There are 2 protein chains.
Amino acid sequence: MRRTAFFISDGTGITAETLGNSLLAQFDNIEFDQITLPYIDTAEKAFNAVKQINKTAHYDDGRPIIFDTIVNTEIRAIISEADAFMVDIFGTFLSPLEEELNSRSSYTVGKSHGIHEERKYKQRIDAVNFALDNDDGIRTRHYDQADVILVGVSRCGKTPTCLYLALQFGIRAANYPLTEEDMDDGMHLKMPNALKKHRHKLFGLTIEPPQLAAIRHERRPDSKYAAFEQCEFEVREASALFARERIPFIDTTSLSIEEISTRILAQTGLERRMK
Amino acid sequence: MRRTAFFISDGTGITAETLGNSLLAQFDNIEFDQITLPYIDTAEKAFNAVKQINKTAHYDDGRPIIFDTIVNTEIRAIISEADAFMVDIFGTFLSPLEEELNSRSSYTVGKSHGIHEERKYKQRIDAVNFALDNDDGIRTRHYDQADVILVGVSRCGKTPTCLYLALQFGIRAANYPLTEEDMDDGMHLKMPNALKKHRHKLFGLTIEPPQLAAIRHERRPDSKYAAFEQCEFEVREASALFARERIPFIDTTSLSIEEISTRILAQTGLERRMK
């Protein structure tokens, strides 16, 4: 079975994509071609979109599915003329919300990412810069400004998680790699000096050694760094440190960045800055 | 007017947040307290969520609004007992989609971010690493592997855009800063040598000088780097280069990272890798 899904918006299309992907993921026996048509904000663009949609209809095992977040009712009306099944997000929910809130919606395109949200937006960009400036233990002197400091062995997912926390939620996340530099004479990890003052902000990431070895192997094939024994040793030491110092942690092995990030927020109680 | 909005999910909650924010942004005369309750995946957690929602109802100018993407119908039924207005996303759209697709949905939690999507997921993480390794012109020898190379003056938005393109769309984006190092003797920007071979991948970012000066001033107060004249000079030279070399570009001044990123995709025709 093959169908085509269109995500159509007069803005970025990200809301339509996000919702559409969540819904389509529930139908895993069907393969979906996915096409995003953002910035459909004139009648002309809408008519062209309809042409493209109708053309697709001929080649598939069924008419296309449209997920749309078009605010403008006239443009939405044009799209609704396409030979397709329309999941009309704003059309479905805006009227009931207007009634519940006893308020007319302002029907403004792209509102959710507009510059009137400037303060919150700036927090996200500042958070991205913070994550970059405080990545990988390069600098530790700004840890007092961090919302959270991720600790874990190299390549367990710290950096992408910090960046996602920043971009999506405006959270200032630093990260510090646990390496042999922070081991005592008996080759056991001790609490790194740079982290002692910030104990309450620490959050550990751990990972299964086979996956860690695979990830490191891609980075530096056949190195000691990527050897299974080395990975196992480092992960064991990191876990022991988390346990001994009572640092909360999660296993990233089978989690996506979104899942790691939202679980960290849930466990730490940190508030999303951008919402 | 003050109301509370809950975003509730048995997964990360990101879909509910994204859709909820888009809808609420249409009501700008109402202030919404926003609370995300992710990972509501047991009856017990659902009952606790209902308690929390009902408590809120007493303090606001109206009952809470719930945006939910709970897949499990039993858990959804518990949430629907709350004293709230429910925008039931899966409840509204799954049945009609099942009928249209002539297929039962698999009702699997967190599907859209599960590890079965491993290949696409890996592409995103690889893209993040690519963006970090090829940020700010540090390295230029991997430009042949880039999907796009963003060029522009320092602090015009290149790095956050590259990271967003990677995390959200799995696009491998490098970036190269235009600085005085690439000026000729007459103090005019020339095409940097490292970019000549990759002309077709270049995409320019520009920005209004007053905003650039403000951003730089925060980074290095009262520096030559942040001076208005310097910003104006650099932006003028960058724009001249874009025009002369026919490099497509956009003005980032009043755009969000999401808008910059999706416009780059639209203009270049680059395909999202993660969808």
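Residues numbered from 1 in each chain as written. Chains lettered and ligands numbered in written order. Predicted model: local features only at pLDDT ≥ 70, side-chain atom pairs only at ≥ 80, totals over all residues. Heavy atoms only, no water.

**Observations regarding the overall build of chain A**
1) Next: Along the backbone of chain A there are 10 helices and eight strands.
2) Next: A compact globule built from 275 residues should have a C-alpha radius of gyration of about 19 Å, whereas chain A, at 24 Å, is more than 25% larger.
3) Next: Taking the principal axes of the C-alpha coordinates as reference, chain A spans close to 75 × 45 × 30 Å.
4) Next: Classification of the 275 residues of chain A by burial places 57% in the buried group.
5) Next: Pairs at least 24 residues apart make up 69% of the contacts formed inside chain A by residues separated by at least 6 positions.
6) Next: Averaging the positions of the 34 positive and the 42 negative side-chain charges in chain A gives two centres separated by 6 Å. (Helix = DSSP H or I, 4+ residues; strand = E, 2+ residues; numbered from the N terminus. Rg over C-alpha atoms; globule rule 2.2 N^0.38 Å. Buried < 20%, exposed > 50% of the residue type's maximum accessible area, 1.4 Å probe, protein only. Contact = heavy atoms within 4.5 Å. Lys, Arg positive; Asp, Glu negative; His and termini not counted. Charge placed at Lys NZ, Arg CZ, Asp CG, Glu CD.)

**Points about the interface of chain A and chain B**
1) Next: With 78 residues of chain A at the interface, the matching set in chain B holds 78 residues.
2) Next: Carbon and sulfur atoms supply 64% of the area that chain A and chain B bury against each other, a total of about 7,100 Å² over both sides.
3) Next: On inspection of chain A and its partner chain B, the count reaches 24 residue pairs in polar contact (both at pLDDT 80 or more).
4) Next: Top contributing element to the side of chain A that touches chain B by residue count: helix H4 (residues 89-101) of chain A, with 10 residues. (Buried area = accessible area lost by both parts, 1.4 Å probe. Polar contact = N/O pair within 3.5 Å; in protein donor to acceptor, adjacent residues only side chain to side chain.)

**Some words on the relation of the copies chain A and chain B**
Copies of the same chain, two in number, are related to each other by a rotation about an axis and a translation along it.
1) Next: With an RMSD of 0.0 Å, chain A superimposes on chain B once it is rotated by 180 degrees and translated 0.0 Å along the axis. Given the turn and translation reported, the copies of this chain are related as if by a two-fold rotation axis.
2) Next: Taken together, the interface assignments show that 99% of the residues at the interface of chain A recur at the interface of chain B, consistent with an identical surface on both copies. (Least-squares fit on C-alpha atoms with pLDDT ≥ 70 in both.)

**Considerations on the packing of aromatic side chains**
Residues and elements named next belong to chain A.
1) Next: Tallied over the full model, the rule gives seven aromatic pairs over all chains.
2) Next: With 5.7 Å between their ring centres and 25 degrees between their planes, Phe-242 and Phe-249 make a pair best called stacked.
3) Next: Residue class for Phe-242 comes out buried when judged on its relative accessible area of 1%.
4) Next: What makes Phe-249 partly exposed here is its relative accessible area of 41%.
5) Next: A cation over an aromatic ring shows up here: Arg-220 above the ring of Tyr-225, its NZ or CZ 4.1 Å from the ring centre. (Phe/Tyr/Trp six-rings, centres within 6.5 Å; stacked < 30°, edge-to-face > 60°. Lys NZ or Arg CZ within 6 Å of the ring centre and 35° of its normal.)

**Considering empty space enclosed by the protein**
1) Next: Here the structure, examined in full by the defined rule, presents three cavities of 30 Å³ or more.
2) Next: One number sums up the size of the second largest cavity: a volume of about 50 Å³.
3) Next: Lining the second largest cavity, in full, are Arg124(A), Tyr164(A), Leu167(A), Gln168(A), Tyr164(B), Leu167(B), Gln168(B) and Glu258(B).
4) Next: Sorting the residues of the lining of the second largest cavity by element identifies helix H6 (158-169) of chain A together with helix H6 (158-169) of chain B as the ones contributing at least two each.
5) Next: Broken down by class, the residue content of the lining of the second largest cavity amounts to four nonpolar, two polar and two charged. (1 Å grid on protein atoms, 1.4 Å probe; cavity = no way out; pocket = protein on both sides within 12 Å on 5 of 7 lines; lining within 4 Å. Points joined across faces, edges and corners; volume = space filled by probe spheres on them. Nonpolar A, V, L, I, M, F, W, Y, C, P; charged D, E, K, R; others polar.)

**Looking at the sheet that holds strand S2 (residues 31-37) of chain B**
Residues and elements named next belong to chain B.
1) Next: One open sheet accounts for four strands, arranged S2-S1-S3-S4; its pairing is parallel. Both edges of this open sheet fall to S2 and strand S4 (85-88), since each of them pairs with a single strand only. Each strand of the sheet is rotated relative to its neighbour by a mean of 20 degrees, with strand direction disregarded.
2) Next: Of the pairings in the sheet, the one linking strand S1 (residues 2-9) to S2 comprises seven bridges and is parallel in character. (Pairing = 2+ DSSP bridges. Axes fitted to C-alpha atoms, helices over the stretch in contact; angles between N-to-C directions.)

**Re the packing of helix H5 (residues 118-133) of chain A against H6(B)**
1) Next: One way to put it is that H5(A) packs onto H6(B) with a least axis distance of 10 Å and a crossing angle of 85 degrees. In terms of axis orientation, H5(A) runs roughly perpendicular to H6(B). Contact residues: H5(A) offers Ile125(A), Val128(A) and Leu132(A), while H6(B) offers Thr159(B), Pro160(B) and Leu163(B).
2) Next: By residue class, the composition of the contact of H5(A) with H6(B) is five nonpolar, one polar and no charged. (Parallel < 35°, antiparallel > 145°, perpendicular 65-115°, else oblique.)

**Points about helix H2 (residues 43-57) of chain A**
Residues and elements named next belong to chain A.
1) Next: Look at H2: 21 Å from first C-alpha to last across 15 residues, which is about the 21 Å you get at 1.5 Å a residue.
2) Next: Among the residues making up H2, those that are buried are Ala-46, Ala-49, Val-50, Ile-53, Thr-56 and Ala-57. Taken end-on, H2 shows its buried residues confined to a sector of 120 degrees, consistent with a single buried face. Residues of H2 that are exposed and point over 90 degrees away from its buried face: Glu-44, Lys-51 and Lys-55.
3) Next: Those residues of H2 hidden inside the fold are in contact with strand S1 (2-9), strand S2 (31-37), strand S3 (65-69) and helix H3 (73-79). (Expected span 1.5 Å × (residues − 1). Arc of directions from axis to C-beta.)

**Thoughts on the UniProt feature "binding site: ADP" (unreviewed entry) in chain A**
1) Next: The residues that UniProt annotates with the feature "binding site: ADP" (unreviewed entry) are Gly152(A), Val153(A), Ser154(A), Arg155(A), Cys156(A), Gly157(A), Lys158(A) and Thr159(A).
2) Next: Relative to the helices and strands, Gly157(A) is located in the loop between strand S5 (148-152) and H6.
3) Next: Look past the residues within four positions of Thr159(A) in its chain and what remains in contact with it is Asp135(A), Asn175(A) and Leu132(B).
4) Next: Within the structure, Thr159(A) has its side chain in polar contact with the side chain of Asp135(A) (distance 2.7 Å). (UniProt positions renumbered as here; feature names shortened; annotations may be inferred.)

**As for the sheet that holds S5(A)**
Residue and element names in this part refer to chain A.
1) Next: Strand order in the open sheet formed by four strands is S6-S5-S7-S8, with parallel pairing between adjacent strands. In this open sheet, the two strands that pair with only one neighbour each are strand S6 (173-177) and strand S8 (249-251). Put simply, the sheet's adjacent strands are angled 25 degrees from each other on average, direction ignored.
2) Next: In this sheet, S8 lies alongside strand S7 (residues 202-206) in parallel orientation, the contact comprising three bridges. By the bridge assignment, Gly-204 is partnered in S8 with Phe-249.
3) Next: In the packing of H6 onto the sheet, the strands contacted are S5, S6 and S7, and the crossing angle to S6 comes to about 175 degrees.

**Looking at helix H1 (residues 14-24) of chain A**
1) Next: Here H1(A) lies mainly inside the structure; 11 of its 11 residues are buried.
2) Next: Listed in full, the buried residues belonging to H1(A) are Ile14(A), Thr15(A), Ala16(A), Glu17(A), Thr18(A), Leu19(A), Gly20(A), Asn21(A), Ser22(A), Leu23(A) and Leu24(A).

**Observations regarding the pattern of salt bridges**
Residues and elements named next belong to chain A.
1) Next: Across all of its chains, the model carries 29 salt bridges over all chains by this definition.
2) Next: Between Asp-41 and Lys-45 there is a salt bridge, and its shortest N-O distance comes to 2.9 Å.
3) Next: Measuring nitrogen to oxygen at the nearest pair gives 2.5 Å for the salt bridge that ties Glu-245 to Arg-199. Placement of the pair is Glu-245 in the loop between helix H9 (228-244) and S8 and Arg-199 in the loop between helix H7 (193-196) and S7, with a sequence separation of 46 residues.
4) Next: The class of Arg-199 is partly exposed, set by a relative accessible area of 41%. (Salt bridge = Lys/Arg side-chain N within 4 Å of Asp/Glu carboxyl O.)

**Side note on the confidence of the model for chain A**
All names here are of chain A.
1) Next: The predicted model of chain A averages 92 in pLDDT, with 95% of residues at 70 or higher.
2) Next: Low confidence marks residues 112-116, where pLDDT is under 50. Its contacts with residues over four positions away, or in another chain, come to 10 contacts.
3) Next: Confidence metrics for the complex model read pTM 0.90 and ipTM 0.88. (pLDDT = per-residue confidence, 0-100.)

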